[in-house]
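Examination of the molecular architecture
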Amino acid sequence: MTGRKLTLRSSISQVLGLIEVAYSSGGMLDASEVNNVTDVDLDILSHVIDDAEALGLLEFKEGNISLTSIGEKIAMENPKVVKKILRKQLVSVEPFKTVLKMLEEKGEIDREEVVDIIVKKSNPDDLDEAFMNFIQWGLYTNIFTYDHDDEIIKPIETGGRLSSYRKRKHKLTSFFI
């Protein structure tokens, strides 16, 4: 599955909502059924489908959506496990793959560096929307922290412990269910 990338035009809640709708329909449904059930604009739905597919949560063929085993697991698990699954999927998908490599090398990166990567890897129509979705995905899955004041992204240490910069009580954002 090389070359996978998020469009960054869909939110976490939209992707998880699609997974829930597909799961409640037996794991397979027509995309037009999703539109009827959710009343979501088809343009938005196409991006949600693309991102869910890039994450390996579903397959989309000839207008039909079918959940993968990972998508089914997400639909059945509690939020803590869902975050872990999504984190595992995100680290191999662009632009997260490149940002995480840069974080590993530099220790922190600023908004401008992230925006450059997003432009190169996702080619979004709305850069502000793409950046905010990127930040939301990363915070939700606890991949990194983001300091809104300084516009700096820093990784969260492995082993479940937060880095020393977090312990120093910087103004950082993270969000949990």
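Above this text is the structure in question.
The sections below set out a description of the structure shown in this document. What you see is a predicted model; the values in this text were computed from it and never measured.

**Side note on the overall build of the protein chain**
Helix and strand counts for the protein chain stand at 9 helices and 6 strands. Out of the 177 residues belonging to the protein chain, those deemed buried represent 45%. As displayed, the protein chain offers around 9600 Å² of accessible surface, 49% of which is attributable to carbon and sulfur atoms.

**Looking at the sheet that holds strand β1 (residues 28-30)**
Spatially, 3 strands are ordered β1-β3-β2 in an open sheet, and the strand pairing comes out antiparallel. The sheet is open, and its two borders are formed by β1 and β2 (58-61), each paired with just one other strand. Recorded for the sheet is a direction-independent mean angle of 20 degrees between the axes of neighbouring strands. Here β2 pairs with strand β3 (residues 64-67) via 4 bridges, running antiparallel. Paired with Lys61 across the strands is Asn64, a residue of β3.

**Quick notes on the nonpolar core**
Nonpolar side chains in soluble globular proteins tend to end up buried together. If you look at the biggest cluster of nonpolar residues, it comprises 48 residues, and the most contacted ones within it are Leu18, Ile65, Leu86, Phe96, Phe134, Phe144 and Ile153. Summarising the domain contributions, this core has at least three residues from each of domain 1 (12-76) and domain 2 (79-176).

**Comments concerning the side chain of Asp147**
When you line up the elements, Asp147 lands in strand β5 (residues 144-147). Within the buried set, Asp147 has no salt-bridge partner at all; the shortest N-O distance to an opposite charge, 6.5 Å, is to Lys154. There is a polar contact of 3.0 Å between the side chain of Asp147 and the backbone nitrogen of Asp150.

**Here's the deal with the pairing of β5**
The side-chain alternation of β5 yields two buried faces, one formed by Phe144 and Tyr146 and the other by Thr145 and Asp147. Relative to strand β6 (residues 152-155), β5 runs antiparallel, the two being bridged by 4 bridges. Each bridged residue has a counterpart across the sheet, and for Asp147 the counterpart in β6 is Ile152. Taking the residues between adjacent antiparallel strands as the criterion, β5 and β6 are bridged by 4 residues, where Glu151 takes a positive phi near 55 degrees.

**Structural notes on the pattern of salt bridges**
When the charged atoms of two side chains with opposite charge come close together, those side chains can pair. One pass over the structure, following the stated rule, counts 4 salt bridges. Two residues, Arg9 and Asp125, come together in a salt bridge whose shortest N-O distance is 2.9 Å. In this pair, Arg9 is assigned in the segment before α1 (12-24) and Asp125 in the loop between α7 (111-122) and α8 (127-140), connecting sequence segments 116 residues apart. The exposure class assigned to Arg9 is partly exposed, which follows from its relative accessible area of 24%. The class of Asp125 is exposed, set by a relative accessible area of 65%. When the shortest N-O distance is used, the salt bridge between Arg111 and Asp128 registers 3.4 Å. Of this pair, Arg111 sits in helix α7 while Asp128 sits in helix α8, and the two are 17 residues apart along the sequence.

What counts and what doesn't
- Residues numbered from 1 in each chain as written.
- Predicted model: local features only at pLDDT ≥ 70, side-chain atom pairs only at ≥ 80, totals over all residues.
- Heavy atoms only, no water.
- Helix = DSSP H or I, 4+ residues; strand = E, 2+ residues; numbered from the N terminus.
- Buried < 20%, exposed > 50% of the residue type's maximum accessible area, 1.4 Å probe, protein only.
- Areas by Shrake-Rupley, 256 points an atom, 1.4 Å probe, with all protein chains shown as cover.
- Pairing = 2+ DSSP bridges.
- Axes fitted to C-alpha atoms, helices over the stretch in contact; angles between N-to-C directions.
- Core = buried A, V, L, I, M, F, W, Y, C linked by side-chain atoms within 4.5 Å.
- Domains from an automatic or database assignment.
- Lys, Arg positive; Asp, Glu negative; His and termini not counted.
- Salt bridge = Lys/Arg side-chain N within 4 Å of Asp/Glu carboxyl O.
- Polar contact = N/O pair within 3.5 Å; in protein donor to acceptor, adjacent residues only side chain to side chain.

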